[in-house]
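Summary of structural features
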Amino acid sequence: MGTFSAFLELLHMEIDNSQASSSALRKPAVSIADSTELRVLLSVMYLMVENIRLEREIDSCGWRTARETFRTELSFSTHNEEPFALLLFSMVTKFCSGLAPHFPIKKVLLLLWKVVMFTLGGFEHLQALKIQKRAELGLPPLAEDSIQVVKSMRAASPPSYTLDLGESQLAPPPSKLRGRRGSRRQLLTKQDSLDIYNERDLFKTEEPATEEEEESAADGERALDGELDLLEQDPLVPPPPSQTPLSTDRVAFPKGLPWAPKVRQKDIEHFLEMSRNKFIGFTLGQDTDTLVGLPRPIHESVKTLKQHKYISIADIQIKNEEDLEKCPMSLGEEVVPETPCEILYQGMLYSLPQYMIALLKILLAAAPTSKAKTDSINILADVLPEEMPITVLQSMKLGIDVNRHKEIIVKSISALLLLLLKHFKLNHIYQFEYVSQHLVFANCIPLILKFFNQNILSYITAKNSISVLDYPCCTIQDLPELTTESLEAGDNSQFCWRNLFSCINLLRLLNKLTKWKHSRTMMLVVFKSAPILKRALKVKQAMLQLYVLKLLKIQTKYLGRQWRKSNMKTMSAIYQKVRHRMNDDWAYGNDIDARPWDFQAEECTLRANIEAFNSRRYDKPQDSEFSPVDNCLQSVLGQRLDLPEDFHYSYELWLEREVFSQPICWEELLQNH
């Protein structure tokens, strides 16, 4: 019935309302009253998008058709207007620039996240698109569905038998332990470990931290030991059914590793290069088929590597991009399908750095570890009342509201950035790299590490909500009288799914930015992320642990032998939970990638490739050097040229001056050719 279009027009009018912006700029403190109209509009649009987005089995055909029509209207430019997501992005940048401090940024970000999820698709839709695209490119199907594998994983630590068997050998002699303080003497005590089928807390008694870790993780480290009571009693993963105790002579091994191992083409080439240098004395470049002169075990190794070879969609896209750069004429112009993701990237392209900086600024302001600064943006404009609270009850309610407000902002930004990165990576790898590089340049890596440099257990078990005021209780029940006791009690939930969701998203974001990028991995090492990430392992949730272990795995080779020696339980957990890459020497630091390279050159090469891709596909100048040239004399002379009106008056004079009076030296003309 055109309701959404009417609200969209009203939203445009409110965004362009200069009177409201100037009024908010003049005020010393912006309050919730300055954004009443905007909040109503955004709330109605959010409810419409979220209600239409959710698919149900009982939906009628007409409703499904209406949903697809609505998705198309939001995804593509209609009536010469930009896609709806770009309008919301422009609101974010306008808010961060200080031109519109009254914008309700929490509602803008929530609506933006849901619009991107609706138009591009969620993680299940993304997995289906990935399978479809691999089939179109002729690649073998995926070995497993990563979503299902992670769902079936359990939070656990290495089996206890590893310590029983090797503790006597690993324990240092008593003479070396004398004189140490109490924390160091814990090495002598038998440490609890967690069998894969046990329910006790994970990494609770990890080896004592080294001095370097203690220095870099000074804040909050002591408080962690006293914060485990809730998660120890009620772990996030339900405990397994009771089992009979295992006999001492039998060891219970897990039935198998969760992930199928992967091998890159580069790994096979590197293995053969080393083998040929060792046994033959010369190499054959990228030839992986010729095995003449190599011993039989090398043949078996190459066969095994090729069985687990994995070719990603990104590999194909990079290869195609190299071919298009080399042979632009013979390969012709690339046909780019007009998908919602492609339309969004084209619209974001030229303002993408500003969008990423704005999102990270808001994320920094909403992080619980951030200190209040005078130059930071005010993200509380749509939660602070006109009159500040007077009673203790009002102050408590406002404090809970402010914390909840910040948590929702972190949740929406982390989910939005992860969705964008995953969709752009599937659409084209260089679109993903462009967004990633701008996030890295805007200090996204230290920002996420700063976010995790807190008591993560306290953050995940925070109760910043008032259950009787939450939807739908507030509409279907009579509101009871709020008291300080009821606010302090909070709800009965043992943890906050919202904050757990945000933490997992930020860890996945960090993984996306650093995977296969040695320069960014070194940033993790430089910012001393290992003790920060190790503290996050105390949260007993399998998915969060998996992405923490991935981040620890990629930097293990840089952390030194002493770190590996004192963190053997973490190393065992990495082996159990993270995918294996054959020939990946992650645990020992002997790999060629662990050597000091010129990391700046790596980023510069990547940036040059991204710029070449964006220039080739999106910058199409009219006077290109590759524009066709007409060499036919008849057609050139037959072209009609638009001459000035007074040209026929001076035609004879022009002919005399430009043609007849110019001497032609035919000999020079013949010699030059």
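For the structure, see preceding data.
Residues numbered from 1 in each chain as written. Predicted model: local features only at pLDDT ≥ 70, side-chain atom pairs only at ≥ 80, totals over all residues. Heavy atoms only, no water.

Description of the overall build of the protein chain
Tallying secondary structure elements over the protein chain gives 35 helices and 0 strands in all. Residues classed as buried in the protein chain amount to 42% of the 673 residues present. A sequence separation of at least 24 residues applies to 79% of the contacts in the protein chain between residues at least 6 apart. If you sum the accessible surface of the protein chain, you get close to 38,500 Å²; carbon and sulfur atoms cover 55% of it. (Helix = DSSP H or I, 4+ residues; strand = E, 2+ residues; numbered from the N terminus. Buried < 20%, exposed > 50% of the residue type's maximum accessible area, 1.4 Å probe, protein only. Contact = heavy atoms within 4.5 Å. Areas by Shrake-Rupley, 256 points an atom, 1.4 Å probe, with all protein chains shown as cover.)

Things to note about the packing of helix α7 (residues 123–136) against helix α20 (residues 392–427)
Put simply, α7 and α20 touch, their axes get as near as 11 Å, and they point 10° apart. As far as their axial angle goes, α20 and α7 are roughly parallel. For the pair formed by α7 and α20, the contact residues are Phe123, Leu126, Leu129, Lys130 and Lys133 on the first element and Leu418, Leu419, Lys422, His423, Leu426 and Asn427 on the second. When grouped by side-chain class, the residues that make up the contact of α7 with α20 number 6 nonpolar, 2 polar and 3 charged. (Axes fitted to C-alpha atoms, helices over the stretch in contact; angles between N-to-C directions. Parallel < 35°, antiparallel > 145°, perpendicular 65-115°, else oblique. Nonpolar A, V, L, I, M, F, W, Y, C, P; charged D, E, K, R; others polar.)

Quick look at the side chain of Ser414
Its place among the elements puts Ser414 in helix α20. Taking relative accessible area as the criterion, Ser414 reaches 0% and is therefore assigned buried. Polar side-chain contacts of Ser414 include one of 2.9 Å to the backbone oxygen of Val410. Each residue touching Ser414, except ones within four places of it in the same chain, is listed here: Ser502, Asn505 and Leu506. (Polar contact = N/O pair within 3.5 Å; in protein donor to acceptor, adjacent residues only side chain to side chain.)

Describing the packing of aromatic side chains
Scanning all chains against the criterion turns up 13 aromatic pairs. A centroid spacing of 5.3 Å and a plane angle of 90° characterise the contact between Phe451 and Tyr459, whose relative ring orientation is edge-to-face. Of the residues examined, Phe451 reaches a relative accessible area of 2% and is grouped as buried. Residue classification places Tyr459 among the buried positions, given a relative accessible area of 8%. Their ring planes at 90° and their centres at 6.0 Å tell us that Phe613 and Tyr618 sit as a pair that is edge-to-face. The exposure class of Phe613 is buried, given its relative accessible area of 0%. Here the aromatic residues Tyr345, Phe424, Tyr430, Tyr434, Phe613 and Tyr618 are joined through ring pairs into a cluster of three or more. The residue whose ring lies beneath Lys411 is Phe501, and the NZ or CZ to ring-centre distance is 5.6 Å. (Phe/Tyr/Trp six-rings, centres within 6.5 Å; stacked < 30°, edge-to-face > 60°. Lys NZ or Arg CZ within 6 Å of the ring centre and 35° of its normal.)

Focus on the pattern of salt bridges
If you walk through the whole model with that rule in mind, you get 21 salt bridges. Its salt-bridge partner being Asp323, residue Lys319 comes within 3.4 Å of it at the nearest N-O pair. In this pair, Lys319 and Asp323 are both assigned in helix α16 (residues 313–326), 4 residues apart and thus about one turn of the helix distant. The class for Asp323 is partly exposed, based on a relative accessible area of 26%. Taken together, the shared-partner salt bridges in this structure form one network comprising Glu321, Glu334, Glu342, Arg616 and Arg617. (Salt bridge = Lys/Arg side-chain N within 4 Å of Asp/Glu carboxyl O.)

Focus on helix α19 (residues 352–366)
Its 15 residues place the ends of α19 21 Å apart at the C-alpha level, agreeing with the 21 Å of an ideal helix rising 1.5 Å per residue. Among the residues making up α19, those that are buried are Leu352, Tyr355, Met356, Ala358, Leu359, Leu360, Ile362, Leu363, Ala365 and Ala366. (Expected span 1.5 Å × (residues − 1).)

Topic: the nonpolar core
In this structure, Phe84, Met348, Ile362, Ile379 and Leu544 are the most contacted members of the largest nonpolar core, which totals 129 residues. Take this core: its biggest share by element is 13 residues, from α20. Formed by 9 residues, the second largest nonpolar core is a distinct cluster that contains Val263, Ile268, Leu294 and Leu305. (Core = buried A, V, L, I, M, F, W, Y, C linked by side-chain atoms within 4.5 Å.)

Focus: empty space enclosed by the protein
In this approach, a probe sized like a water molecule rolls over the atoms, and the result shows the empty space that is left. The tally for this structure, following the rule as stated, stands at 1 cavity of 30 Å³ or more. Surrounding the largest cavity, Leu74, Ser75, Pro83, Ala85, Val115, Thr119, Leu120, Pro340 and Leu344 form its lining. The set of elements that each furnish at least two residues to the lining of the largest cavity consists of α4 (61–75), α6 (105–120) and α18 (340–348). At 3 residues, the largest contribution of residues to the lining of the largest cavity is made by α6. Its residues assigned to classes, the lining of the largest cavity shows 7 nonpolar, 2 polar and no charged. (1 Å grid on protein atoms, 1.4 Å probe; cavity = no way out; pocket = protein on both sides within 12 Å on 5 of 7 lines; lining within 4 Å. Points joined across faces, edges and corners; volume = space filled by probe spheres on them.)

Distances and angles like these do not, on their own, reveal function.
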